[in-house]
Structures are given as C-alpha cells and as structure tokens.
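# What the coordinates show
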There are 2 protein chains.
Amino acid sequence: MMPVAIGAAAGPGDDCAVVDEPHSDPLTLLKTDAIVEGIHYLADTAPERIGWKAVMRVVSDFAAMGGAPDRFLVTLALPPDRQVAWVDGLYQGMARALEWCGGKLAGGETTAVPERSAAVISIAATGRVARQHLTLRSTAQPGDAIYVTGRLGGSFASGRHLDFHPRLSEAAWLVRHFKPSAMMDLSDGLAADLPKLARASAVGFTLDPETLPRNAGVETHAALNDGEDFELLFTHRGNPQPFEAAWRTAFPEVLLTRIGEMILPNELPITPGGWNHFQAGQ
Amino acid sequence: MMPVAIGAAAGPGDDCAVVDEPHSDPLTLLKTDAIVEGIHYLADTAPERIGWKAVMRVVSDFAAMGGAPDRFLVTLALPPDRQVAWVDGLYQGMARALEWCGGKLAGGETTAVPERSAAVISIAATGRVARQHLTLRSTAQPGDAIYVTGRLGGSFASGRHLDFHPRLSEAAWLVRHFKPSAMMDLSDGLAADLPKLARASAVGFTLDPETLPRNAGVETHAALNDGEDFELLFTHRGNPQPFEAAWRTAFPEVLLTRIGEMILPNELPITPGGWNHFQAGQ
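Residues numbered from 1 in each chain as written. Chains lettered and ligands numbered in written order. Predicted model: local features only at pLDDT ≥ 70, side-chain atom pairs only at ≥ 80, totals over all residues. Heavy atoms only, no water.

A few words on empty space enclosed by the protein. Counted according to the given criterion, the structure contains 1 cavity of 30 Å³ or more. Taken as a whole, the largest cavity encloses approximately 80 Å³ of empty space. The wall of the largest cavity is formed by 14 residues, among which Leu30(A), Leu30(B), Ala124(B), Ala125(B) and Thr126(B) lie closest to the centre. Elements supplying a minimum of two residues to the lining of the largest cavity: strand S3 (68-78) and strand S5 (120-129) of chain A together with strand S2 (27-36), strand S3 (68-78) and strand S5 (120-129) of chain B. Considering only residue class, the lining of the largest cavity consists of 9 nonpolar, 2 polar and 3 charged. (1 Å grid on protein atoms, 1.4 Å probe; cavity = no way out; pocket = protein on both sides within 12 Å on 5 of 7 lines; lining within 4 Å. Points joined across faces, edges and corners; volume = space filled by probe spheres on them. Helix = DSSP H or I, 4+ residues; strand = E, 2+ residues; numbered from the N terminus. Nonpolar A, V, L, I, M, F, W, Y, C, P; charged D, E, K, R; others polar.)

We now examine the interface of chain B and chain A. Chain B puts 49 residues into the contact, and the matching count from chain A is 49 residues. Taken over both partners, the interface formed by chain B and chain A buries close to 3,700 Å², and the fraction arising from carbon and sulfur atoms is 65%. Counting across the interface, chain B meets chain A through 0 salt bridges. Summed over the shared surface of chain B and chain A, the result is 7 residue pairs in polar contact (both at pLDDT 80 or more). Residue assignment for the side of chain B that touches chain A shows that the elements contributing at least two residues are strand S1 (17-19), S2, S3, helix H2 (84-101), strand S4 (104-112) and S5 of chain B. A total of 9 residues in the side of chain B that touches chain A trace back to one element, the largest contributor, which is S4(B). Its residues assigned to classes, the side of chain B that touches chain A shows 26 nonpolar, 11 polar and 12 charged. (Contact = heavy atoms within 4.5 Å. Buried area = accessible area lost by both parts, 1.4 Å probe. Salt bridge = Lys/Arg side-chain N within 4 Å of Asp/Glu carboxyl O. Polar contact = N/O pair within 3.5 Å; in protein donor to acceptor, adjacent residues only side chain to side chain.)

As a further point, take the sheet that holds strand S10 (residues 256-263) of chain A. Residue and element names in this part refer to chain A. Pairing within the open sheet is antiparallel, and its 5 strands lie in the order S7-S9-S6-S10-S8. Strand pairing shows two members of the sheet lacking a second neighbour, strand S7 (182-185) and strand S8 (204-207), which therefore form its edges. On average, each strand axis in the sheet is inclined to that of its neighbour by 25°, with strand direction left out of account. Two strands pair when backbone bridges link them, and strand S6 (residues 145-149) and strand S9 (residues 232-236) are joined in this way by 4 bridges, in the antiparallel orientation. (Pairing = 2+ DSSP bridges. Axes fitted to C-alpha atoms, helices over the stretch in contact; angles between N-to-C directions.)

All names here are of chain A. The predicted model of chain A averages 89 in pLDDT, with 90% of residues at 70 or higher. Within the model, the stretch residues 1-11 combines pLDDT values under 50 with 39 contacts to residues more than four positions away or in other chains. Low pLDDT, under 50, characterises residues 269-282; the predicted model gives this stretch 25 contacts beyond four residues in sequence or across chains. For this predicted complex, the interface confidence comes out at an ipTM of 0.77, alongside a pTM of 0.84. (pLDDT = per-residue confidence, 0-100.)

Residues and elements named next belong to chain B. Read across the open sheet, the 5 strands follow the order S7-S9-S6-S10-S8; overall the sheet is antiparallel. Strands with a single pairing partner mark the edges of an open sheet, and in this sheet they are strand S7 (182-185) and strand S8 (204-207). Ignoring which end each strand starts from, the neighbouring axes of this sheet average 25° apart. Packing against the sheet, helix H5 (residues 168-177) makes contact with S7 and strand S9 (232-236), and its axis sits at approximately 15° to S9. On top of the sheet, helix H8 (residues 240-250) reaches strand S6 (145-149), S9 and strand S10 (256-263); it is set at about 150° to S10, its chief contact.

It is worth spelling out the side chain of Ser117(A) at this point. Looking at the secondary structure, you find Ser117(A) in the loop between strand S4 (104-112) and S5. For Ser117(A), the contacting residues outside a window of four places in its chain are Pro79(A), Arg116(B), Ser117(B) and Ala118(B).

This brings us to the pattern of salt bridges. Residues and elements named next belong to chain A. Applying the stated criterion across every chain, the model contains 30 salt bridges over all chains. Among the ionic pairs, Arg49 bridges to Asp163, the shortest N-O distance being 2.6 Å. Of the two residues, Arg49 sits in helix H1 (residues 47-64) while Asp163 sits in helix H4 (residues 160-163), which places them 114 residues apart along the sequence. The exposure class of Arg49 is partly exposed, given its relative accessible area of 30%. For Asp163, a relative accessible area of 35% gives the class partly exposed. One network of salt bridges, with partners in common, ties together Asp33, Lys53, Arg57 and Glu228. (Buried < 20%, exposed > 50% of the residue type's maximum accessible area, 1.4 Å probe, protein only.)

Pasting the structure below:
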C-alpha cells in the first residue's frame with residue numbers, strides 16, 4: 001500500500017526516499033510527514049511547539065539516513081475558524097527549527113478543511129547525503145552490536161515530543177567516523193522499530209529490555225512502546241571499545257547504550273510474536 | 001503568512017518554488033499541494049478520480065513554470081474507518097496520472113485523523129526545468145498579448161476538475177518555440193488569477209470578458225470565477241500571427257484565445273475593485 005523509492009537506492013521502509021541519479025553526489029533525500037491535531041498534538045498545544053515538532057520529525061529522518069535537511073515545503077489544512085495568530089505562531093516554531101537545523105523554507109500553502117475537521121500540517125522536504133555517508137536500515141548483519149542514543153519512553157507525558165532536538169550532529173559524526181552498519185530513528189518505539197530494522201536486514205536480534213536506558217519515571221514497557229523518542233537506533237560492526245570511547249569524548253552529555261546484538265534470523269524468527277519472546281525475558 | 005522561495009529564482013506566488021543553486025541546470029522545482037474531502041472532492045467521488053486529480057494539480061503547476069514533474073511523495077491523513085479498497089483505488093488513480101506525466105512515486109505515508117475529520121491528501125513533488133525555459137509570473141510587460149488555452153468555467157459541475165489533463169506538452173512546446181513572457185496555470189479562476197499575474201509583473205491589463213472562451217452552458221461570470229480550469233494563462237511578446245499559426249499546426253485540437261493585453265499599471269490600477277471595471281465593460 002505504501003510504494004516507496006522507484007529509482008532509489010533505499011529499500012521500502014527507510015526513513016526517507018533516496019533519489020539515486022547515476023553519478024550524483026550528494027544524493028537527494030525526499031521526505032514527507034504529517035502531524036494531525038488530536039493525534040500528534042492537542043488542540044491547546046502552543047502553536048510554536050507544534051511548528052517545531054512538525055519540522056523536527058522530518059529532520060530526524062534525514063539524520064537517520066546520515067544526511068542533512070535542505071528545503072522545506074509546508075502545507076496547512078486548517079478549519080475555517082483558525083486564527084491568524086495561531087498560524088503565525090506555527091510558522092515561528094518552524095522558523096526556529098529551520099534555523100537550528102540549517103533547513104530553508106521554500107514554500108507553503110494553506111487549504112481549508114471543513115468545520116470541526118482536524119487540522120493537518122504536512123511537511124515535505126528535500127535533504128542531502130554524501131553517497132559514502134548514506135546509511136540504510138537493511139544492511140545490518142549478525143554479530144553487529146545494537147545501540148541507542150539518549151533515553152527512551154515518556155515522550156508524550158513529559159511533552160518532550162514537542163521540544164526534542166533530533167540527533168543531527170550525532171548522526172553526522174557517526175557516518176563520518178564510525179559509520180553504522182544500519183540506522184533509523186526511533187519514532188514508533190523500540191518494540192516496533194527494532195523489528196523493522198531487523199526485518200529490513202533479514203537478521204534477528206537479542207536484547208534484554210531491562211537494561212534499556214529509560215527516562216525518569218518510565219517503566220520498561222513504556223520505554224519499549226511509548227514512541228516518539230526521536231533517538232537514533234543503529235548497529236555497529238567491529239570493536240566496540242574504541243567507538244564507545246570516541247563517542248564519550250565527542251558527546252560527553254549524550255548517553256550511548258549498547259542494548260543488544262544482531263543474530264542469525266533463524267536463531268529467533270522475527271514474527272509478530274517475536275518481540276513478546278523478549279518481553280518474556282528470552 | 002506564506003513565505004516562499006528562499007534562495008529561489010522565483011518570486012512569491014509563483015506556481016512552484018525554484019531551487020536556484022549556482023550553475024545548476026536544470027533547476028529543481030518544488031511543489032506541495034493538498035486536497036481535502038468535502039472541499040476539493042466529495043466523499044462519494046471515486047477514489048481513482050481523486051488520486052488522478054491530486055497528482056494532476058501539481059503537474060499543472062510544473063507545466064506552468066515551463067518544467068516537468070519528477071518525484072512524488074504522498075501523505076494521506078485518513079479517518080480510522082477508511083477502507084483499504086479506497087486507498088488502493090486512490091493509488092491506482094495516482095499511478096495512472098504518474099504514468100501519463102512521466103512522474104515517479106518516491107514514497108508515501110499514511111497517518112490517522114480523528115473520527116469524523118475530513119481526509120486530507122497531500123502531494124509533494126520535485127520537478128525540473130531547463131534554466132532557459134523557466135517561466136515566471138512576474139515578467140510580463142505592457143503591450144504583451146494575453147492568451148488562455150482551452151475553455152473556461154463549469155469545471156466542478158461537469159466533473160472536469162477530477163479528470164483534466166494538464167497542459168504539459170503545450171507548455172513544453174511554448175517554452176521551446178515561443179517562450180511566454182509570463183505564465184501561470186488557472187486554478188482559482190481568471191478573475192482571481194489574471195490580477196495575480198498582473199500584480200506580480202507590476203502591469204495592468206485590459207480584456208473583454210464577453211469574448212472569453214467558455215465551456216458549453218457556462219455563463220461569463222462562471223467562466224471568470226468557477227476556478228479549477230487548469231488551463232494555461234500566459235503572455236506573448238511580439239507578432240501574434242506567426243505564433244498563433246504555429247500553435248494551430250502544433251495543437252489543432254486545443255483552442256488558443258487571445259483575450260486581452262497587458263497595459264501600463266497606471267492606465268488601470270490593479271486593485272480589489274479593478275476587476276469590476278472589466279466586468280462593467282470598461
């Protein structure tokens with residue numbers, strides 16, 4: 001139902017589509033993403049925070065491919081009674097986010113939705129990634145170590161989902177110095193996202209959920225399932241010690257946690273029931 | 001409220017944003033456009049026609065800049081009860097449209113809107129235009145003749161707004177052989193769109209609404225105001241006879257009508273009241 005990436009280097013399900021013209025370098029990344037009132041934010045959320053979130057969700061996807069954001073197009077589908085001040089606030093939040101990430105606003109459009117319909121904010125953006133830095137989900141192998149940045153869970157309850165800073169500089173450092181064997185961002189929660197990465201790579205995985213880095217007051221189940229962490233999930237091949245030491249020097253304030261290992265797929269089939277094995281402590 | 005085109009060759013209000021990297025040729029065009037249930041189509045409209053329209057609106061914008069479509073990203077914001085068969089039909093319509101215009105589907109995403117909210121279909125696309133073919137709204141001059149393709153009015157009543165073919169090949173021929181001094185597509189109706197082109201070019205215009213090419217059964221007022229014609233509105237500088245003769249040879253079945261002339265702005269100020277002067281027969 002979701003066709004992806006005709007003439008693209010990336011397989012279905014990667015964070016962005018990749019336009020792979022022969023010999024082009026950097027490659028162009030394309031991403032579209034929508035947030036909906038009542039689903040991704042509440043009607044009384046400050047519009048500046050909504051605008052920030054709308055842009056940063058897309059920036060996180062570019063980061064997860066090893067790239068950087070470029071041009072942004074904004075489509076607002078708004079009910080007829082929406083105040084101009086609300087739209088101004090939204091654009092202020094988007095402008096702050098674009099300034100932070102180096103993106104540029106290239107255009108926008110507003111259309112109406114019928115009364116009592118939810119507002120929809122749709123962002124489309126181009127990004128760039130050097131061909132040698134492009135990092136996919138589908139290239140992990142058995143034996144690779146699995147890492148996450150930061151801490152997981154509680155994003156909605158804490159409001160972090162509205163104010164987060166994508167791991168843009170961390171991802172840029174990774175692809176330059178210790179290019180991950182596979183990478184994605186955590187948007188749906190580790191319990192949903194790690195199986196996606198494993199399936200894309202046709203490998204299995206093993207980890208102990210009790211060792212996951214959790215935000216304060218967050219239970220393991222929430223750390224696995226809350227979603228909207230917008231942390232990096234990636235795999236590393238080779239000796240972990242020099243990599244982890246270099247990370248601590250480069251990002252002393254950003255927690256990096258080795259949470260598990262990729263394994264052969266037949267060691268533990270990735271099926272709808274597969275994750276529950278882990279939750280049961282297997 | 002609608003910032004457009006940072007680092008772009010096109011001024012605000014052109015049909016697409018233009019990414020004007022130094023020395024790049026062709027230039028990249030960016031466009032985003034959303035259609036909303038209950039606004040741009042009805043809930044019982046066949047999804048294949050909705051998908052066709054969603055893509056073709058964007059194709060018409062690329063044509064109006066002298067360019068061609070390239071990659072498309074689709075964002076669907078759908079109520080939870082939407083049937084898979086409806087989404088399949090939508091994608092079939094989009095696939096047919098992309099085949100017709102030579103565009104490629106590069107990705108897509110579906111998100112939920114709350115129950116009873118209107119569905120929103122947002123299309124983001126990249127296009128290409130040779131630097132020498134880029135045609136803007138802002139470059140008409142007094143003395144240029146004003147043309148429209150096809151016939152105007154009645155698009156909603158006839159269902160044409162769901163099945164139209166954008167003037168892609170006509171626009172491509174124009175920019176190669178008789179490059180218009182300015183061009184846009186007619187989406188909001190001539191009464192709204194011609195003043196936009198005139199304002200962008202800082203010129204006035206004169207025309208006799210009674211001579212407009214109208215669809216069967218359409219009154220002059222409807223031809224001016226219905227909108228969604230998706231015809232080309234452009235200006236031509238120089239001798240009209242060889243141009244019109246060449247058009248008739250190239251497109252014998254596509255009506256081309258000289259509807260008026262660009263004039264000095266102070267001959268007739270373009271103000272909110274300006275159009276009414278014409279309707280009054282001035």
